[in-house]
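Single-letter residue listing:
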Amino acid sequence: RSKNLGRSRTEVFARDTHIVRTGQIQLETDLRKAIENEELELFYQPIIDLEQGRTIAFEALTRWHHPERGFVSPVDFIPLAEETGLILPLGRWAMLESCRQLRAWQSSLAGTKDLFINVNMSAVQFLQDDIPATVAQCLAETGIQGRNLRLEITETALVADPDGAAECLHAIKRLGPTLALDDFGTGYSSLNYLNNFPIDCIKIDRSFVGRVDRDDQSAKIIRIITMLADTLKMSVVAEGIENSEQHMMMRSLGCRYGQGFLFSRPLPQEEATAHLKASLK
Ligand code: C2E
Ligand code: MG
Ligand code: MG
Ligand code: MG
């Protein structure tokens, strides 16, 4: 964070840090209230089968409409939630709400038996929360099948305590949910992770996908990732497809699934329902 201020003189830096901190404490208080009062909302971004054009899943993305500041991006409040431990109640809420929504779709719309809901998990949850217990509780409370829930994790969740993480992931999988490795290609991306953890799906980060139509090197890397995934019997989702060239490229490089603004932005619940109805026709 201090780097983002882009100044080096210490006295300026100290003052800025103070302002940032004060603002942060207020934001922390507000976030705490927002979680308690359920002022957070989930948006749902469709994940598409690139060959058939069907929506096969939604990724649940948390939105916070701050009463004074307006829309606060998850890029800003998720790190804050992680630093303050608020990610635990937030994460539990997001998982339960996602399962409830999937349940609602499944009970009202035919053809949704195989629809997935993807929920993002923070590394902090792996270290501090009992995720299998939370998963079990969400499944019991909503009655959805475990196999319809997919947890998105990043490599950061695995580095701090690989043995503990592996145990946790296996415990989750025994309950039915599957696992996606999010933002693949940006973190440590050690092939060890694919080998040592029970991953079902790789999500190629949008920094690769966004260049694939212009940069031969990215295309080559993506090709290797999809071949590797095939060999390991994992599916591949391309994140951040924004134009039809990228769509075509990703398909030809062996990527079966994708999400991005070309297909749909993350949608509020009612619009996601309308999207789903149209996709099922
Ligand atoms: P993510 O899990 O990688 O989610 C994908 C992000 O890419 C979303 O940003 C989505 O709106 C954005 N995106 C999707 N398609 C496109 C596209 O075509 N172009 C561009 N430029 N962006 C696209 P969002 O919703 O702002 O979320 C940012 C990050 O915040 C997420 O990245 C995830 O890491 C985190 N996050 C969001 N909700 C939660 C949550 O409930 N729990 C946790 N732990 N993290 C969350
Ligand atoms: Mg994600
Ligand atoms: Mg991602
Ligand atoms: Mg990403």
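What this report covers is the structure whose coordinates are included nearby. None of the values given here were measured: they were computed from a predicted structure. Every chain's residues receive numbers from 1 upward, in the order its sequence appears when written. Starting at A for chains and at 1 for ligands, labels are handed out in the order in which the entities are written. With pLDDT at 70 or above as the cut-off, local features in this predicted model cover only qualifying residues; side-chain atom pairs require 80 or more to be listed or tallied, and sums for whole chains, interfaces and linings still use all residues. Working from all heavy atoms in the structure, the side-chain values ignore hydrogens and water.

1. Focus: the site of ligand 1
This is how the line gets drawn: We call a residue near a molecule or strand when any one of its heavy atoms sits within 4 Å of it. Whenever two N or O atoms come within 3.5 Å, that pair is a polar contact, provided that in protein one can donate a hydrogen and the other can accept it, and provided that, for residues adjacent in sequence, both atoms are side-chain atoms. All accessible areas in this document rest on Shrake-Rupley with a 1.4 Å probe, and a residue is counted as covered only by the protein chains that are shown. The numbering of helices and of strands both runs from the N terminus, where a helix is a DSSP run of H or I of at least 4 residues and a strand a run of E of at least 2.
The immediate surroundings of ligand 1 are formed by 22 residues, with Thr62, Arg63, Asn120, Glu242 and Phe261 found nearest. Arg63 places a side-chain nitrogen or oxygen 2.8 Å from an oxygen atom of ligand 1. Glu239 is positioned with one of its side-chain polar atoms (N or O) 3.1 Å from an oxygen atom of ligand 1. About the coverage of ligand 1: the protein hides 84% of its 800 Å² of free accessible area. Listing elements by their share of the shell around ligand 1, those giving two or more residues are β2 (55–66), α2 (74–84) and β6 (178–184).

2. Thoughts on the side chain of Ser122
Where we set the bar: The buried label goes to any residue with under 20% of its type's maximum accessible area, the exposed label to any with over 50%, and the partly exposed label to all in between, with areas taken from a 1.4 Å probe on protein chains only. Should any heavy atoms of two residues lie within 4.5 Å, those residues are counted as being in contact.
Along the chain, Ser122 turns up in the loop between β4 (116–120) and α4 (123–128). Judged by relative accessible area, which is 7%, Ser122 ranks as buried. Every residue in contact with Ser122, bar those within four places of it in the chain, is listed here: Glu82 and Ile87.

3. Some words on the coordination of the magnesium ion (ligand 2)
To keep it simple, the criterion reads: Listed donor atoms are N, O and S within 2.8 Å of the metal (Na, K and Ca: 3.2 Å). As water is not included, a site may look incomplete.
Looking at the magnesium ion (ligand 2), the protein donor atoms are Glu59 (OE), Asn120 (OD1), Glu152 (OE) and Asp182 (OD), and they sit 2.0 to 2.2 Å from it. We note that the donor set of the magnesium ion (ligand 2) lies within a single chain, spaced as E-x60-N-x31-E-x29-D. The distance between the magnesium ion (ligand 2) and the magnesium ion (ligand 3) comes to 3.6 Å, with Asp182 serving as a donor to both metals. Taken together, the residues Glu59 in strand β2 and Glu152 in strand β5 (residues 149–153) connect sequence positions 93 residues apart. When its relative accessible area of 4% is taken as the criterion, Glu59 is described as buried. Looking at Glu152, the relative accessible area reads 1%, which means it is buried.

4. Some words on the nonpolar core
For clarity, the threshold we go by: Residues grouped as a nonpolar core are buried Ala, Val, Leu, Ile, Met, Phe, Trp, Tyr and Cys residues, joined through side-chain atoms within 4.5 Å.
Core analysis: the biggest nonpolar cluster contains 75 residues, and Met95, Leu149, Leu151 and Met250 have the highest contact counts within it. Considering every element that reaches this core, the biggest residue donor is helix α3 (residues 87–108), with 10 residues. Excluding its chain neighbours within four sequence positions, the residues that come into contact with Met250 are Leu50, Ile204, Val209, Val212, Ile222, Ala238, Ile241 and Cys255. In this structure, Ile47, Phe116, Cys201 and Tyr257 belong to the second largest nonpolar core, which totals eight residues.

5. Points about helix α5 (residues 131–142)
What counts is decided by this rule: Helix span, expected: 1.5 Å multiplied by one less than the number of residues in the helix.
End to end, α5 covers 16 Å across 12 residues, agreeing with the expected 16 Å (1.5 Å per residue, within 8%). Where α5 is buried, its residues contact α3, α4, β5 and α7 (162–174). In the stretch just after α5, Gly143 is the one whose phi turns positive, near 75°.

6. What to know about the pattern of salt bridges
Using the following cut-off: We count a salt bridge whenever a side-chain nitrogen from Lys or Arg sits within 4 Å of a carboxyl oxygen from Asp or Glu.
Using the criterion set out here, one finds 13 salt bridges in the structure. A salt bridge links Glu97 to Arg100; the shortest N-O distance between them is 3.2 Å. On the criterion of helical spacing, the pair formed by Glu97 and Arg100 is a turn pair, its members being three residues apart in helix α3. The class of Glu97 is partly exposed, set by a relative accessible area of 23%. Between Glu152 and Lys203 there is a salt bridge, and its shortest N-O distance comes to 2.6 Å. Of this pair, Glu152 sits in strand β5 while Lys203 sits in strand β7 (residues 201–204), and the two are 51 residues apart along the sequence. With respect to burial, Glu152 and Lys203 carry one shared label: buried. Each of Asp49, Glu51 and Arg256 takes part in a single network of salt bridges with overlapping partners.

7. Digging into the side chain of Thr62
With respect to the helices and strands, the residue Thr62 is situated in strand β2. What makes Thr62 buried here is its relative accessible area of 10%. When residues no more than four places from it in sequence are discounted, the contact partners of Thr62 are Leu40, Glu41, Leu42, Pro74, Phe77, Leu90, Trp93 and Ala94.

8. Notes on the pairing of β2
Rules: One requirement defines pairing of two strands: DSSP has to find at least two bridges between them.
Among the 12 residues of β2, 11 are classified as buried, and the element is accordingly described as predominantly covered. With nine bridges connecting them, strand β1 (residues 40–49) and β2 associate as antiparallel partners. In the sheet register, Tyr44 faces β2, and the bridge partner there is Ala60. Both β2 and β4 contribute to a ladder of four bridges, which runs parallel. Bridged to Glu59 within β4 is Asn118. As paired elements, β2 and strand β3 (residues 70–72) share three bridges and run antiparallel to each other. Opposite Trp64, over in β3, you have Val72 as the bridge partner. Hairpin connection from β2 to β3: three residues lie between these consecutive antiparallel strands.

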